[in-house]
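Here's the letter readout for the chains.
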Amino acid sequence: MTFLILFFKFFYIGLFAVGGGFAIIPFLQDLVDEAHWISQNDLSNIIALAEMTPGAVGVNMATYTGFALIGVLGGIVATLGLITPSIITVGLISRFWQKTKTLPPVISVFNAVKAAVIGLLGSVFMTLFLLIFQDENTFVLDIRKIGLFIATFCTAFYFKINPILYIILLGVIGAVIGL
Amino acid sequence: MKLFFLFLSFFKIGSFAFGGGYTIVALTKSEFVEKRKWLTEQELLDFLALSQTLPGIISVNFAAFLGNKKGGFIGGIVSVLGMVLPAVITILLLAHLIAGADNHPIFQSALNGVRIAVAVMILNLTITQAKGALKSWWGLLLAVFAFIWIFFKLSPAIPIIIAGFVGWILFQRKREIFK
């Protein structure tokens with residue numbers, strides 16, 4: 001793994017992940033499935049840590065992934081790769097933005113892309129959901145885990161609870177009951 | 001001096017932005033619209049809409065727009081770096097701690113709990129996003145296509161590019177109807 005490949009992998013993610021930080025999750029899933037750069041467990045840790053720390057979740061995820069791959073410098077290189085397309089595209093658009101003001105075709109493209117991103121997120125959910133029941137390469141349908149999942153989902157969905165709160169809470173519950 | 005202030009302001013925003021994009025917008029509003037008066041409320045909304053539409057992390061795009069407005073291309077770079085630096089530092093520090101505790105059984109149990117929380121979070125995110133974006137049959141079709149696509153472990157960039165084309169064609173057709 002060289003720094004150059006890492007940089008361009010995240011440059012590519014920065015170029016195609018449309019619709020906010022969580023849109024990069026399908027691309028990280030691709031790093032798990034296709035390139036085998038990180039494990040499925042890594043991905044789950046990355047998402048949790050990104051949500052709990054300050055800053056944009058997409059940036060957090062890139063830094064952690066780069067770190068998991070080749071240490072501190074890897075974290076920095078992955079982050080630089082991710083932000084470079086933004087700096088270039090915004091720099092270019094800022095030049096003619098004052099003249100055009102509205103960009104209806106761009107909005108139309110964005111709405112369509114957003115729909116595709118939902119499909120991608122849905123498939124990421126399926127993978128993460130199955131991961132819950134993975135125990136050392138065997139699939140165990142643990143009734144405690146199913147109960148916790150349903151209880152957390154219902155509470156979080158109806159009361160709109162901050163994810164940081166239930167990530168910490170479930171971490172504590174997991175440690176106490178020895179999940 | 002202006003560049004230094006841009007860096008400092010975004011460093012501050014990046015340090016306190018827990019939970020991603022929308023917190024960042026709220027902090028930017030108080031820093032640049034209310035305190036420094038570098039930006040009008042309308043400009044903030046325009047930059048936000050554009051940042052969401054363009055590829056890349058929303059808050060990074062947003063920082064780049066503001067930086068470009070106040071300090072040109074270099075201003076954009078400085079603002080983006082200021083914005084991501086706190087996140088990069090925090091993640092790198094935490095990643096070191098986690099790497100050390102990784103094999104402890106209690107930590108593993110806690111992570112099993114966290115994994116449930118992460119799956120809940122992604123499911124919630126998918127549902128909330130779907131409410132806004134899947135109003136039309138073609139939006140639904142794009143989402144289903146993207147969902148199935150990922151099961152074949154293929155690159156998530158393809159559904160995004162296809163969705164972009166569909167959005168573009170739909171816009172052209174709409175324009176012809178209204179002509």
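*Asks:* It is not clear to me how the overall build of chain A should be interpreted in this structure. Could you clarify?
*Replies:* In terms of regular secondary structure, chain A is built from 7 helices and 2 strands. The N-to-C order of helical and strand elements in chain A reads α-α-α-α-α-β-β-α-α. Counting only C-alpha atoms, chain A reaches 60 × 40 × 30 Å along its principal axes. Per-residue burial over chain A gives 55% buried out of 179 residues. For chain A, the share of sequence-separated contacts (at least 6 apart) that also reach a separation of at least 24 residues comes to 57%. Taken as a whole, chain A presents about 7400 Å² of accessible surface, with 71% of it coming from carbon and sulfur. Positive and negative charge centroids in chain A, built from 8 and 8 side chains respectively, lie 21 Å apart.

*Asks:* Please explain the pattern of salt bridges as it appears in this structure.
*Replies:* A side chain with one charge can pair with a side chain of the opposite charge if their charged atoms come near. All names here are of chain B. Tallied over the full model, the rule gives 6 salt bridges over all chains. Measuring nitrogen to oxygen at the nearest pair gives 3.3 Å for the salt bridge that ties Glu-31 to Arg-36. In this structure, Lys-69 engages Glu-43 in a salt bridge whose closest nitrogen and oxygen atoms are separated by 3.0 Å. Of the two residues, Lys-69 sits in helix 4 (residues 58-101) while Glu-43 sits in helix 3 (residues 41-53), which places them 26 residues apart along the sequence. On the accessibility criterion, Lys-69 (35% relative accessible area) is partly exposed. Members of the salt-bridge network, linked through shared partners, are Lys-12, Glu-31, Lys-35 and Arg-36.

*Asks:* Looking at this structure, I do not really get the domain arrangement of chain B. What am I missing?
*Replies:* Accessible area lost during the coming together of the parts is what is often quoted as the interface size. Its domain assignment divides chain B into domain 1 (2-100) and domain 2 (104-178). Placing a centre on the C-alpha atoms of domain 1 of chain B and another on those of domain 2 of chain B gives a separation of 25 Å.

*Asks:* Before we go on, may I ask you to explain the nonpolar core in this structure?
*Replies:* Soluble globular proteins tend to pack their nonpolar side chains together in the buried interior. Grouped together as the largest cluster of nonpolar side chains are 105 residues, with contacts concentrated most on Phe-10, Ile-47, Val-59 and Met-61 of chain A together with Ile-122 of chain B. Looking at this core, the element that brings in the most residues is helix 4 of chain B, giving 16 residues. Lining this core are residues from two domains, each supplying at least three of them: domain 1 (2-100) and domain 2 (104-178) of chain B. Not counting residues within four places of it along the chain, the set of residues in contact with Ile-47 of chain A comprises Ile-25, Met-61 and Leu-128 of chain A together with Val-118, Met-121 and Ile-122 of chain B.

*Asks:* Can you walk me through the environment of Ser-123 of chain A in this structure?
*Replies:* Mapped onto the secondary structure, Ser-123 of chain A falls in helix 5 (residues 104-132). A residue is classified by how much of its surface remains accessible, and Ser-123 of chain A, at 3% relative accessible area, is buried. Taking C-alpha positions, Ser-123 of chain A is 8.1 Å from Pro-26 of chain A, a pair spaced 97 residues apart along the chain. Excluding anything up to four places from it in sequence, Ser-123 of chain A contacts Phe-147 and Ile-150 of chain B. A polar contact of 2.7 Å, which involves the side chain of Ser-123 of chain A, links it to the backbone oxygen of Leu-120 of chain A.

*Asks:* Is there a simple way to think about the interface of chain B and chain A in this case?
*Replies:* Each partner contributes to the interface: chain B provides 83 residues, whereas chain A provides 96 residues. Taken together, both faces of the contact between chain B and chain A bury some 8100 Å²; the carbon and sulfur share is 78%. By the criterion of area lost to chain A, the three top residues of chain B are Arg-115, Ile-116 and Ile-160 of chain B, representing 8% of everything that side buries. Inspection of the region where chain B meets chain A yields 0 salt bridges. Between the two partners, chain B and chain A, sit 10 residue pairs in polar contact (both at pLDDT 80 or more). Going through the elements one at a time, helix 1 (2-16), helix 3, helix 4, helix 5 (105-133), helix 6 (137-151) and helix 7 (157-178) of chain B are the ones with two or more residues in the side of chain B that touches chain A. In terms of residue count, helix 5 of chain B provides more of the side of chain B that touches chain A than any other element does, 24 residues in total. For the side of chain B that touches chain A, the per-class residue count stands at 57 nonpolar, 22 polar and 4 charged.

What counts and how
Residues numbered from 1 in each chain as written. Chains lettered and ligands numbered in written order. Predicted model: local features only at pLDDT ≥ 70, side-chain atom pairs only at ≥ 80, totals over all residues. Heavy atoms only, no water. Helix = DSSP H or I, 4+ residues; strand = E, 2+ residues; numbered from the N terminus. Buried < 20%, exposed > 50% of the residue type's maximum accessible area, 1.4 Å probe, protein only. Contact = heavy atoms within 4.5 Å. Areas by Shrake-Rupley, 256 points an atom, 1.4 Å probe, with all protein chains shown as cover. Lys, Arg positive; Asp, Glu negative; His and termini not counted. Charge placed at Lys NZ, Arg CZ, Asp CG, Glu CD. Salt bridge = Lys/Arg side-chain N within 4 Å of Asp/Glu carboxyl O. Domains from an automatic or database assignment. Core = buried A, V, L, I, M, F, W, Y, C linked by side-chain atoms within 4.5 Å. Polar contact = N/O pair within 3.5 Å; in protein donor to acceptor, adjacent residues only side chain to side chain. Buried area = accessible area lost by both parts, 1.4 Å probe. Nonpolar A, V, L, I, M, F, W, Y, C, P; charged D, E, K, R; others polar.

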